[in-house]
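Summary of structural features
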Protein chains: 2
Amino acid sequence: MKVMDNTALDILISGGTTLTISKNMDIIENSRIGIKNGKIVFVREMEDHLPDCRRKKFIDASGSLIMPGLINTHTHLPMVCFRGLADDLPLMDWLNNHIFPAEARYVNRDMVYYGSMLAMAEMILSGTTTFCDAYFFESSVAKATVETGMRGVACQGFSDFPTPDNPKPSNKRDIARSFIEKWTGVSPLVSPALVCHSPYTCSPETLTTIKDVARKCGTSFLIHLAETREEVKVIRDKYGTTPVRHLHDLGILDERTIPAHCVWVDDEEIDILADCGVKVSHVPESNMKLAAGNAPIPQMMEKGITVGLGTDGCASNNDLDMFQEMDTTAKIHKVVDMDPTVMDAETVVRMATTEGAKTLGMENSVGSIEEGKCADIIILDMKKPHLTPLYNSYSQLVYSATGADVTTSIIGGQIVMEKRRLLTIDLPDIMERVKDISRKITGGND
Amino acid sequence: MKVMDNTALDILISGGTTLTISKNMDIIENSRIGIKNGKIVFVREMEDHLPDCRRKKFIDASGSLIMPGLINTHTHLPMVCFRGLADDLPLMDWLNNHIFPAEARYVNRDMVYYGSMLAMAEMILSGTTTFCDAYFFESSVAKATVETGMRGVACQGFSDFPTPDNPKPSNKRDIARSFIEKWTGVSPLVSPALVCHSPYTCSPETLTTIKDVARKCGTSFLIHLAETREEVKVIRDKYGTTPVRHLHDLGILDERTIPAHCVWVDDEEIDILADCGVKVSHVPESNMKLAAGNAPIPQMMEKGITVGLGTDGCASNNDLDMFQEMDTTAKIHKVVDMDPTVMDAETVVRMATTEGAKTLGMENSVGSIEEGKCADIIILDMKKPHLTPLYNSYSQLVYSATGADVTTSIIGGQIVMEKRRLLTIDLPDIMERVKDISRKITGGND
C-alpha cells in the first residue's frame, strides 16, 4: 500500500466486474484497480477499500466488465491495405495473381507505416492491446507501435524470394541482426523478432540462419507451418518428410518458435511440437476462409501445447477483431469434433489473454490483471441488449460480445481509447492515407 | 414521378452507395431513395435528379452504404432471456437439464413479451428488419412486433409435449386456427404462421393437423428438421425412415414449408426438398455451437433450393447479429468443402436479403431496394478503420462489418433507429425487465 501513502496513482478504475484471468480465474465484483508508472499496483474489491486515494485520472467503470487487453499472436498489419481486394478465389490464384503481385508493387515503407497505423486503430477499437506482426519493412510497424502506444512484437520477414524490402535476397543474417539491434531497448512497447515465411519459401539455410540469429538475440521466431495440404506435398516432394518433421530435423523447433496455422499435423507431429515446447498460433478464421483446413487445437492442448489466438492478415480474414476470432474458435472445434463441450468459453478467453502472453513469451508482463503486471486493460460496456441478461461473463465475451463493445483501452498505463475515441491516432488522416494507397492499387498506378 | 408533383415524400435518403440486391445486383453510387406511405417510390443516381423534391424527413447518407434490411428466417426471440445460461454442455444435458426445465418454469406471457422486446432492440441495432420467430405465447411476440415497428412472421408453436401455453396438449387445430385468425389483417408488419417443433416431438397426426391449418389459411409452416444424428436415429427407429422422407410421406413438404437446420440429409433427400419447393433456413452458428453438424447448403443451392439465413435462438447462438451469421456462412462451407470459392460474399448477402424474403414468401414486398417494395432499409457508416479501404462492398459486409456498423434502420417507411438511437423501444426499461426475469431464473424463484 506504500504507493498510496506517498504518491498519487496515475489511474484509478472504480466499479464494474473485473475478470482477472489470474491462475485461479478470480472474478472481482465491484472492483478497484490502481495504476501507476504503467503497472497495476492493486486490484481488489471495493469493500476492503482504503481512504479515498489520490489519483490523476479516475475512471468510473460501474456496470462495465474489465479484463486484460486481448493478445493477437499472428497478423500482418499492413495488409489492411488489401482488405477485400481479392476474396472467394482459389488459394493459388489469390496468392499468385493478386496478393503477391500487389505486394511486389505497392509494399513500401509508407504503405507499411500507414497500413499499420490503420490496423492499430482497428485493434485498439476492438480491444486488442498486444499483437505479434510479421511483414516486410518491419521497422515501420515498430515505429507505428511506439507512436500509437500499442504493445507489439515486430517480426522482420524473410524468404528466398525477392521481397519488397530485400529485392535480391542477400545478407539475411546481417539484416536480421541489425533489425533486432535497432529495436532492442528502444521502447518497452516494442519487442523485435524474426519471421521466416514458410518451409516452402525458405531454404534450410535461410531457416537455420534466421533461427540462429533469433536464438542468439533471445527473440521469438515465427513461421507459417503446415497450413495447407499443398504445402505438405511440396515439402514431402522436396525433402521426403512433413513440414513439422522438416523443421524439427533442422533444429528450428524450440520454446521461442511460434508456428502459425499447424493445420496438417499428425499425432506424432503434435508430440514433437509438445516435446519441443513450441507455442502454436491458431488462426481459425483465416484457415476457414482460405479453405486451408481445421487445426487440431483441442488435441494439441491435451498434449500441453500452449496455443494463442490470431487473426492473420486482413487479406485473409478480413478483420482484426479478436472477439470474433474467439467466437469462431469456440464454435469450429465443437462442430469438427462433434462435441459441444470442446473449447468452452473460459478456455477460449484464456487463449486470447494469458495463453497469448505465454505464446509470445510475455507471461510475466501481460495477459492478466494482477499486481505488478503491465496495465494493459480493456473496459466493455455491458449495458447493451445483446449483452443482456448476464449469467456467465466468459460466455458473454465469447458468444455475444464484439470489439465494438469495448469503450476504453489502457496500454502500459496510457489510455489509448476512451469512450471509443482514439487518443493516440489521427484517424481521419490515416484513413485518407490508406484510401490513397487503395486508389493506386485499384487504378494500377505506382 | 407523380408522387413528387403533388405531394411531399415522407423520407428522402440522399448520398451514399446503394446496394439494391435487385435481380441484376445494381449498385448505385451517390444514390437517392424516395419513400412514401411505407414504400420505396424511387431509387436512382443523384445525377438524373429532379428539382429538389419536398420531403418531411431528409437523411444525409454521404459516405454510407445503404442496403435492404436483413432477414432472419429462424429464431426464438424470447430465448434471449436464457442467453448464456448454459453453454458448452452436451446437447441432451443442455436441453433436458437446462433449457426445457427453464422453459417449463419461466416461460409465460410476460417473459415472451419482454424477451421479444429486448430481442427486437438487438435486431434493430444490428440491421435486421424482418424476422421469422417460433415460440410459445406467440401472440406476445406479435404484440411486440407491432409496438416496435419491426416486420415479423410470428409462428405459434406446437408439440406433443406439454408446453407453457398448452400444458395438456389438446385442441391443437382450434388453437392454431384461432391464432392465425387473431393476427390476420391486424398489421401489415405481422404475418401469423405455425410451427411444429420437430418430427421427433410431434406425432404424424400433429404434423398433418397443423400443416393442414397452415395450408388452409395460406400461411407458412416451420419445423426443425434433420438437426442431429440422434434425431435421424429416433425417426428411423420409430418410423423406419429418415426425417425428410418421413415428412414427405406425410405430405408436409411444400413451397410454404420452411425447415430449419437440415444438417443430416442425403442426396436423395436434397432432391426431395428441391422437388417439393421447400425453402430451407440455414442456421450455421447454432449448428456449430451445439455440434449438430454442418448442413450441405452449397449442394442444396446447386439443386435450386431457396436458402435463407437465421440465427436460431439466443440459448444456442448466442446473439441475433445477422452480419456474424453471414461471415460464418461464408467461411464454414469453404473449409468443409475445402474450396475457398464456395459461398462467395455476394451469394451470402443475397441469402440474408432476397433469398430470405423468398424463404418467407415475402419476395414481392421486401428483400431488395426497388420501386414499389416496402421501405425496409438499413444504412451503414463505412467511415471506420475496419471498413477501410473499400474494394468490394459485398466482401466488406460479409467479412468485415458487424451489426454495430448499422446507424439507421427504416422499416415500412418508419425510422426505428437513427444514429444508433432506438426510436420505438424504451431500452433501459426493457433491459431492467429482462434482468428481473434472469434474477428469478438464477435464484430459482418463480
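Criteria and cut-off values
Residues numbered from 1 in each chain as written. Chains lettered and ligands numbered in written order. Predicted model: local features only at pLDDT ≥ 70, side-chain atom pairs only at ≥ 80, totals over all residues. Helix = DSSP H or I, 4+ residues; strand = E, 2+ residues; numbered from the N terminus. Rg over C-alpha atoms; globule rule 2.2 N^0.38 Å. Buried ≥ 20, exposed ≤ 12 C-beta atoms within 10 Å, placed from the backbone. Contact = placed C-beta atoms within 7 Å. Least-squares fit on C-alpha atoms with pLDDT ≥ 70 in both. Pairing = 2+ DSSP bridges. Axes fitted to C-alpha atoms, helices over the stretch in contact; angles between N-to-C directions. Nonpolar A, V, L, I, M, F, W, Y, C, P; charged D, E, K, R; others polar. Domains from an automatic or database assignment. Parallel < 35°, antiparallel > 145°, perpendicular 65-115°, else oblique. Left-handed = near helix turned anticlockwise from the far one by under 90°. Arc of directions from axis to C-beta. Core = buried A, V, L, I, M, F, W, Y, C linked by C-beta atoms within 7 Å. pLDDT = per-residue confidence, 0-100.

As a further point, take the overall build of chain A. Regarding its fold elements, chain A presents 16 helices and 19 strands. In terms of overall size, chain A behaves like a compact globule, its C-alpha atoms giving a radius of gyration of 21 Å where 446 residues would be expected to give roughly 22 Å. For chain A, the spread of C-alpha atoms along the three principal axes comes to 70 × 50 × 45 Å. Counting all 446 residues of chain A, 60% fall into the buried class. Counting contacts in chain A only where the partners sit at least 6 residues apart, residues at least 24 apart contribute 73% of the total.

The subject of this paragraph is the relation of the copies chain B and chain A. Superposition record for chain B on chain A: RMSD 0.0 Å, screw rotation 180 degrees, translation along axis 0.0 Å. Viewed as a symmetry operation, the transformation between the two copies matches a two-fold axis. Across chain B, the smallest distance between a C-alpha and the rotation axis is recorded for A404(B), namely 3.3 Å.

Take the sheet that holds strand β4 (residues 31-36) of chain B next. Residues and elements named next belong to chain B. Within the open sheet, the four strands sit side by side as β5-β4-β1-β6. Their pairing is mixed. At either margin of the open sheet sits one strand with a lone partner, and together these are β5 (39-45) and β6 (55-60). The sheet shows a mean angle of 15 degrees between the axes of neighbouring strands, direction not considered. When β4 meets β5, the two strands line up antiparallel, connected through six bridges. Bridge assignment links G34 to a residue of β5, and that residue is F42.

So, about the interface of chain B and chain A. One widely used convention gives an interface's size as the accessible area the parts lose upon coming together. Listed by partner, the interface residues are 54 residues for chain B and 54 residues for chain A. Of all the secondary structure elements, the ones that give two or more residues to the side of chain B that touches chain A are α3 (109-125), α10 (284-289), α12 (322-337), α15 (393-400) and α16 (427-443) of chain B. Ranked by residues supplied to the side of chain B that touches chain A, first place goes to α16(B) with six residues. Its residues placed into classes, the side of chain B that touches chain A shows 25 nonpolar, 15 polar and 14 charged.

Quick look at the domain arrangement of chain A now. Residues and elements named next belong to chain A. Splitting chain A by domain gives domain 1 (2-68 + 375-420) and domain 2 (70-359). The distance between the C-alpha centroids of domain 1 and domain 2 comes to 30 Å. Of the residues lining the interface, 21 residues belong to domain 1; the matching set on domain 2 comes to 25 residues. Elements with a contribution of two residues or more to the side of domain 1 that touches domain 2: α15 (393-400), β17 (406-411) and β18 (414-418). If you tally residues by element for the side of domain 1 that touches domain 2, the top one is α15, at five residues. Tallied by class, the residues present in the side of domain 1 that touches domain 2 amount to 13 nonpolar, six polar and two charged.

Residue and element names in this part refer to chain A. Viewed as axis vectors pointing N to C, helix α5 (residues 172-183) and helix α6 (residues 204-217) meet at an angle of 25 degrees, and their least axial separation amounts to 10 Å. The orientation of α5 relative to α6 falls into the category roughly parallel. α5 and α6 meet at a crossing whose hand is right-handed. Between α5, through K172, R173, A176, R177 and I180, and α6, the contact on the second element is made entirely by T206, T209, I210, V213 and C217. Classifying every residue of the contact of α5 with α6 by side-chain character gives five nonpolar, two polar and three charged.

Judged by pairing direction, the sheet is mixed, and its seven strands sit side by side in the order β3-β2-β7-β16-β17-β18-β19 (chain B) without closing on themselves. A strand with exactly one partner marks an edge of an open sheet, and here the two such strands are β3 (27-28) and β19 (421-422) of chain B.

Residue and element names in this part refer to chain B. Most of strand β7 (residues 64-68) sits out of view: five of its five residues are buried. Both strand β2 (residues 17-19) and β7 contribute to a ladder of two bridges, which runs parallel. If you follow T18 over to β7, its bridge partner there is I66. Where β7 meets strand β16 (residues 377-381), five bridges bridge the pair, whose relative direction is antiparallel. What sits directly across from S64, in β16, is D381.

Attention now moves to unusual backbone geometry. Note the cis peptide between N317(A) and N318(A), where omega equals 10 degrees. When you line up the elements, N318(A) lands in the loop between β15 (307-309) and α12 (322-337). A positive phi angle, close to 55 degrees, is found at I21(B), a residue other than glycine. Looking at where I21(B) falls in the secondary structure, it is placed in the loop between β2 and β3.

What follows is about the environment of G149(A). For G149(A), the location among the structural elements is in the loop between α4 (138-148) and β10 (151-158). Distance in space between the C-alpha atoms of G149(A) and M120(A) is 9.3 Å, their sequence separation being 29 residues.

Residue and element names in this part refer to chain A. The complete set of buried residues in helix α9 (residues 267-276) reads E269, I270 and L273. Projected down its long axis, α9 shows its buried positions confined to an angular sector of 105 degrees, all on one face. More than 90 degrees from the buried face of α9, the exposed residues found are D267 and E268. G277, located one to two residues past α9, shows a positive phi value of around 75 degrees.

Quick look at the packing of α3(B) against α16(B) now. Residues and elements named next belong to chain B. Taken N-terminus to C-terminus, the directions of α3 and α16 make an angle of 130 degrees; their axes are 9 Å apart at the nearest point. One way to sum up the angle between α3 and α16 is to call them oblique. Considering only the axes of α3 and α16, their crossing is left-handed. Facing α3, whose interface residues are M111, Y114, G115, M117, L118 and A121, α16 presents L427, I430, M431, R433, V434 and I437. Residues belonging to the contact of α3 with α16 are distributed by class as follows: 10 nonpolar, one polar and one charged.

Attention shifts here to the nonpolar core. If you look at the biggest cluster of nonpolar residues, it comprises 291 residues, and the most contacted ones within it are L194(A), M326(A), L194(B) and M326(B). Those residues in contact with M326(A) that sit more than four places away from it in its chain are L309(A), V348(A), V349(A), A352(A), L397(A) and V398(A).

This part is about the environment of L77(A). All names here are of chain A. Looking at the secondary structure, you find L77 in the loop between β8 (70-75) and α2 (91-106). C-alpha of L77 to C-alpha of Y114: the two residues are 37 residues apart in sequence and 9.8 Å apart in space. Contact partners of L77, with chain neighbours within four places excluded, come to G115, S116, A119, D133, Y135 and V141.

We now examine helix α4 (residues 138-148) of chain B. Residue and element names in this part refer to chain B. Taking burial as the measure, the 11 residues of α4 include eight buried ones, the bulk of the element. Within the span of α4, buried status applies to E138, S140, V141, A142, K143, A144, T145 and T148. Residues of α4 that are buried make contact with α3, β9 (128-135), β10 (151-158), α5 (172-183), β11 (190-196) and β18 (414-418).

Another point: the pairing of β16(B). Residue and element names in this part refer to chain B. Burial of β16 is extensive: four of the five residues sit out of reach of the surface. The pairing of β16 with strand β17 (residues 406-411) spans four bridges and is antiparallel. Within the sheet, the bridge partner assigned to L380 lies in β17 and is V406.

A word on the confidence of the model for chain A. All names here are of chain A. Taken as a whole, chain A shows an average pLDDT of 95; of its residues, 97% reach a score of 70 or greater. When the criterion is pLDDT under 50, residues 1-5 qualifies, and its contacts beyond four places in sequence or with other chains add up to six contacts. Scored by ipTM, the complex comes to 0.96, with pTM at 0.97.

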